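Examining the three-dimensional arrangement
Residue strings, one per chain:
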Amino acid sequence: MVTVIQKWWRGYQARKHFRSKVKIQKRWRGYHTRKYVHNYYALKKYLEGVAMNNNFIRKELEEYAEMRSKEKLKKDLENAERVKERRARKMHYLLSTEQIPGVYSSPYRQYPDEMEFRLQRARPLSHREHPEKDNNGDFVDWSDCRHPYSFPTTQPLPPIGKKKPQGPFRDPAEVLQQRYKPLEPTLRVATTFNSLEEAREELKRQEWIKGFQEDRFAPFSSFQKNKPHEPLLHTSTEYKQIPYSDQCFRDEDPVKWISRKDFKTILTPIPLFDKYGRTYSKAGQAV
């Protein structure tokens, strides 16, 4: 009975401690998450910094766009001023004189036109100068290498009317066909000067290719009567077979012998070699 009560008490204490640990861990996890992981004040501060940075970048972009627009406007004004200056130099002959007023200085106006003052300040354009224009119509200074050079293109001619002209004229298609017809040279013009020699050489070459015997044809027996005899390459003696093998390699010439006694052609016998194959070994000893 005591053992059962102790087991129950121990289980109760364990469950109580476990519940208390779970509550402590839950509280600690919530505190740690709110303070370090999902901090409201830190996130708010970060978003305020992002908004401030966005405002700063937007302001810089607006200033940059305004600066670019001013630069573009200044460039357009300079181009327009350059075009007007060029036009004034080109139309300098319209300047007013002391006797006759010009086009831009009408006597019916209270003040002359602005172009009149430009003509007075401009320098007359020389006929030697041939300025080029780019695709936008602006005059380009070719001394500046930043502008790409382009060749002037001519406008195509207007189409010719299809109405047949009055008079004894031929059809244009027939005239063009006769004009652009292929060349038809004569036989004398089409062939070369040495065509005969080339044909003969080609005929000889073909005959040599198809032939089987290069020697001349000799139908009579007297053709080789005066032909000299060609000896064999390996001999200049009488016509017989050369001795070979024992007949030539083992010849004996007694005249060249040093002494009348022959040399021994065999060695002295060795007793140990005579026992080979006839004796057997037993425990390392020959029997």
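Residues numbered from 1 in each chain as written. Predicted model: local features only at pLDDT ≥ 70, side-chain atom pairs only at ≥ 80, totals over all residues. Heavy atoms only, no water.

1. Focus: the overall build of the protein chain
- Helix and strand counts for the protein chain stand at eight helices and four strands.
- Starting at the N terminus, the α and β elements of the protein chain follow one another as α-α-α-β-β-α-α-α-α-α-β-β.
- By the burial criterion, 6% of the 287 residues in the protein chain qualify as buried.
- Carbon together with sulfur atoms contributes 58% to the accessible area of the protein chain, which is approximately 30,600 Å² in total. (Helix = DSSP H or I, 4+ residues; strand = E, 2+ residues; numbered from the N terminus. Buried < 20%, exposed > 50% of the residue type's maximum accessible area, 1.4 Å probe, protein only. Areas by Shrake-Rupley, 256 points an atom, 1.4 Å probe, with all protein chains shown as cover.)

2. With respect to the packing of aromatic side chains
- Scanning the entire structure with this criterion turns up two aromatic pairs.
- Between Trp28 and Tyr31, the aromatic rings sit 5.8 Å apart at their centres with planes inclined by 40 degrees, giving tilted as the arrangement. Residue Trp28 and its partner Tyr31 are located together in helix α1 (residues 2–37), separated by three residues, close to a single helical turn.
- Given the relative accessible area of 52%, Trp28 is considered exposed.
- Note on Tyr40 and Tyr41: the rings are 5.3 Å apart at their centroids and 75 degrees apart in plane angle, and the pair reads as edge-to-face. Across the pair, exposure class does not vary: Tyr40 and Tyr41 are exposed alike.
- One cation-aromatic arrangement involves Lys35 over Tyr36; the distance from NZ or CZ to the ring centre is 5.6 Å. (Phe/Tyr/Trp six-rings, centres within 6.5 Å; stacked < 30°, edge-to-face > 60°. Lys NZ or Arg CZ within 6 Å of the ring centre and 35° of its normal.)

3. Considering the side chain of Arg118
- Relative to the helices and strands, Arg118 resides in helix α3 (residues 114–121).
- We classify Arg118 as buried; its relative accessible area is 6%.
- For Arg118, the residues in contact, after removing those within four places along its chain, are Glu81, Lys84, Glu85 and Ala88. (Contact = heavy atoms within 4.5 Å.)

4. Details of a nonpolar patch on the surface
- A surface patch of nonpolar side chains, about 390 Å² in accessible area, is lined by Leu43, Tyr46, Leu47 and Val50.
- Look at Val50 and you get partly exposed, because its relative accessible area is 31%. (Patch = residues over 30% accessible without salt bridge, like charges linked within 9 Å, V, L, I, M, F, W, Y side chains within 5 Å. Salt bridge = Lys/Arg side-chain N within 4 Å of Asp/Glu carboxyl O.)

5. Some details on helix α2 (residues 40–90)
- Taking 1.5 Å per residue as the helical rise, α2 with its 51 residues ought to reach 75 Å, and the 74 Å between its terminal C-alpha atoms agrees with that figure.
- Listed in full, the buried residues belonging to α2 are Asn79, Arg86, Ala88 and Arg89.
- The N-cap of α2, judged by a side-chain oxygen 3.4 Å from the amide nitrogen of Tyr41 a few residues on, is Asn39. (Expected span 1.5 Å × (residues − 1). Polar contact = N/O pair within 3.5 Å; in protein donor to acceptor, adjacent residues only side chain to side chain.)

6. Thoughts on the pattern of salt bridges
- Using the criterion set out here, one finds seven salt bridges in the structure.
- Between Glu71 and Arg68 there is a salt bridge, with the nearest N and O atoms lying 4.0 Å from each other. With Glu71 and Arg68 both in helix α2 and three residues apart, the pair spans about one turn of that helix.
- What makes Glu71 partly exposed here is its relative accessible area of 45%.
- The partner of Arg109 in a salt bridge is Asp113, and the shortest N-O contact between them spans 3.5 Å.

7. Looking at the confidence of the model for the protein chain
- For the protein chain, the mean per-residue pLDDT works out to 77, and 70% of the residues sit at or above 70.
- The least confident element of the protein chain is strand β2 (residues 139–140), whose mean pLDDT is 50; the most confident is α2, at 93. (pLDDT = per-residue confidence, 0-100.)

8. Here's the deal with a positive patch on the surface
- Residues Arg15, Arg19, Lys23, Lys26 and Arg27 make up a contiguous surface patch of positive charge.
- Note on placement: Lys23 falls in helix α1.
- Classification of Lys23 as exposed rests on a relative accessible area of 56%. (Lys, Arg positive; Asp, Glu negative; His and termini not counted. Charge placed at Lys NZ, Arg CZ, Asp CG, Glu CD.)

9. So, the nonpolar core
- The biggest cluster of nonpolar side chains holds six residues, and these are Ala88, Met91, Leu94, Met115, Leu119 and Ala122.
- In contact with Met115, other than residues within four places in its own chain, are Lys84, Arg87, Ala88, Met91 and Tyr104. (Core = buried A, V, L, I, M, F, W, Y, C linked by side-chain atoms within 4.5 Å.)

10. Topic: the packing of α2 against α3
- Where α2 contacts α3, the axes come no closer than 9 Å and their chain directions differ by 70 degrees. Classified by the angle their axes make, α2 and α3 are roughly perpendicular. Along its contact with α2, which presents Glu81, Lys84, Glu85, Arg87 and Ala88, the element α3 presents Met115, Arg118 and Leu119.
- Its residues placed into classes, the contact of α2 with α3 shows three nonpolar, no polar and five charged. (Axes fitted to C-alpha atoms, helices over the stretch in contact; angles between N-to-C directions. Parallel < 35°, antiparallel > 145°, perpendicular 65-115°, else oblique. Nonpolar A, V, L, I, M, F, W, Y, C, P; charged D, E, K, R; others polar.)

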